Amino acid sequence: NAGVTQTPKFRVLKTGQSMTLLCAQDMNHEYMYWYRQDPGMGLRLIHYSVGEGTTAKGEVPDGYNVSRLKKQNFLLGLESAAPSQTSVYFCASRLRTGWNTEAFFGQGTRLTVV
Amino acid sequence: AQSVTQLDSQVPVFEEAPVELRCNYSSSVSVYLFWYVQYPNQGLQLLLKYLSGSTLVKGINGFEAEFNKSQTSFHLRKPSVHISDTAEYFCAVHTSGTYKYIFGTGTRLKVLA
């Protein structure tokens, strides 16, 4: 059981380049999230999805887009990368049933924009 | 709006000593509270959670936390730490009626030999 898998694990981009981060979960979870983690700032929510075909903005959505075409996948896109997007990105998922279920996290993607 | 405050960014402690990591939250509605641990270069994994009932919650690796509604706190404790507990610890709040988890800024626990 793989849980939540993020691809890639590391990436270096040049300013202005685009890329897509893939998150895949095999637990049949309805809710999926993308967070970024920066030193001293904890985890900040970028976008989230409550089900296939639906997405919503979190705290820091600017410069990112997302898509949830399949229930098990949640994609995070950077159309034109900026140095300020250098961060560690985490995907998480959880069940919809009840409000008390914990979130399961992927291993993270370390992105550097130069 | 809900928020989570972790009062200590770093906590150094000697091996076998007790430790307390502090977490305070603000919310006007019912909350569910979580502590996650992040080991170096890894994702977050759940340590423990408070949903309802007993205010003292026990988690994995000998950790426990106490929910105090009047003080809006959910402090994490361990009576005797090990070197392997060195990690970053995050407190999180899930507010009833929302889809989101709000995380604190994290506390880096460093256990010294």
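Counting restarts for each chain, with residues numbered from 1 along the sequence as it is written. The lettering of chains begins at A and the numbering of ligands begins at 1, in the order of writing. It should be noted that, the model being predicted, local features are given only for residues of pLDDT at least 70 and side-chain atom pairs only at 80 or more, the latter also being counted only at that level, while totals for whole chains, interfaces and linings use all residues. Derived side-chain values reflect all non-hydrogen atoms in the structure, with water molecules and hydrogen atoms excluded from consideration.

Examining the overall build of chain A
What chain A contains, in helices and strands, is zero helices and eleven strands. Scanning chain A from its N terminus toward the C terminus, one meets helices and strands in the order β-β-β-β-β-β-β-β-β-β-β. Here the radius of gyration uses the C-alpha set of atoms, whereas the globule reference equals 2.2 Å times the residue count to the power 0.38. A compact globule built from 114 residues should have a C-alpha radius of gyration of about 13 Å, and chain A, at 13 Å, falls within 12% of that. Its C-alpha atoms give chain A principal-axis dimensions of roughly 40 × 30 × 25 Å. Across chain A, contacts joining residues at least 24 apart in sequence account for 54% of those joining residues at least 6 apart. Total accessible area computed for chain A in this model is approximately 5400 Å², and 53% of it derives from carbon and sulfur atoms. Charged-residue counts in this description rest on Lys and Arg as positive and Asp and Glu as negative, His and the chain ends being excluded. Charged groups are reduced to one reference atom each: NZ for lysine, CZ for arginine, CG for aspartic acid, CD for glutamic acid. Charged side chains of chain A number 12 positive and 8 negative; the gap between the two group centres comes to 5 Å. Helical segments are the DSSP runs of H or I of at least four residues, strand segments are the runs of E of at least two, and each set is numbered from the N terminus. By definition in these notes, contact holds between two residues if any of their heavy atoms fall within 4.5 Å. Exposure was quantified through the Shrake-Rupley algorithm and a 1.4 Å probe, taking into account, for residues, occlusion by the shown protein chains and nothing else.

Things to note about the pairing of strand β12 (residues 107-112) of chain B
Side-chain positions along a regular strand alternate between the two faces of the sheet. Residue and element names in this part refer to chain B. Residue exposure (1.4 Å probe, protein chains only): buried if accessible area is under 20% of the type maximum, exposed if over 50%, otherwise partly exposed. Only one face of β12 is buried, namely the one carrying Thr107, Leu109 and Val111, since none of Arg108, Lys110 and Leu112 on the opposite face is buried. When DSSP finds two or more bridges between a pair of strands, those strands are recorded as paired. Across five bridges, the pairing between strand β2 (residues 10-14) and β12 is parallel. Note on β12: the bridge partner recorded for valine 13 is valine 111. Relative to β12, strand β10 (residues 87-95) is paired through three bridges, and the arrangement is antiparallel. From the neighbouring strand, alanine 87 faces β12, where its bridge partner is leucine 109.

Details of the state of the cysteines
Pairs of cysteine sulfur atoms within 2.5 Å are identified as disulfides in what follows. For the coordinates displayed, the defined rule picks out two disulfides over all chains. Here Cys23(A) engages in a disulfide with Cys91(A); their sulfurs sit 1.9 Å apart. What sets the handedness of the Cys23(A) and Cys91(A) disulfide is the S-S torsion sign, and at about -75° it is left-handed. In this pair, Cys23(A) is assigned in strand β3 (residues 19-25) and Cys91(A) in strand β9 (residues 87-94), connecting sequence segments 68 residues apart. Among the residues examined, Cys23(A) registers a relative accessible area of 0% and is labelled buried. Covalently, Cys23(B) is tied to Cys91(B) through a disulfide, its sulfur atoms 2.0 Å apart. Taking the sign of the S-S torsion, -65° for the link of Cys23(B) and Cys91(B), the bridge is left-handed. Of the two residues, Cys23(B) is situated in the loop between β3 (19-21) and β4 (24-26) and Cys91(B) in strand β10; the sequence distance between them amounts to 68 residues. Accessibility classification places Cys23(B) together with Cys91(B) in one group, the buried group.

Observations regarding the nonpolar core
Residue and element names in this part refer to chain B. Formed by 29 residues in total, the largest nonpolar core has its most connected members in Leu33, Trp35, Leu47, Leu48, Phe74, Leu76 and Tyr89. When contributions to this core are tallied by element, the ones reaching two or more residues are β2, β3, β5 (31-38), β6 (44-50), β8 (64-68), β9 (73-78), β10 and β12. The residues contacting leucine 33, other than those within four sequence positions of it, are Tyr25, Leu48, Lys49, Tyr50, Phe67, Phe74, Ala92 and Val93. Buried residues of nine kinds, namely Ala, Val, Leu, Ile, Met, Phe, Trp, Tyr and Cys, make up a nonpolar core once their side-chain atoms join them within 4.5 Å.

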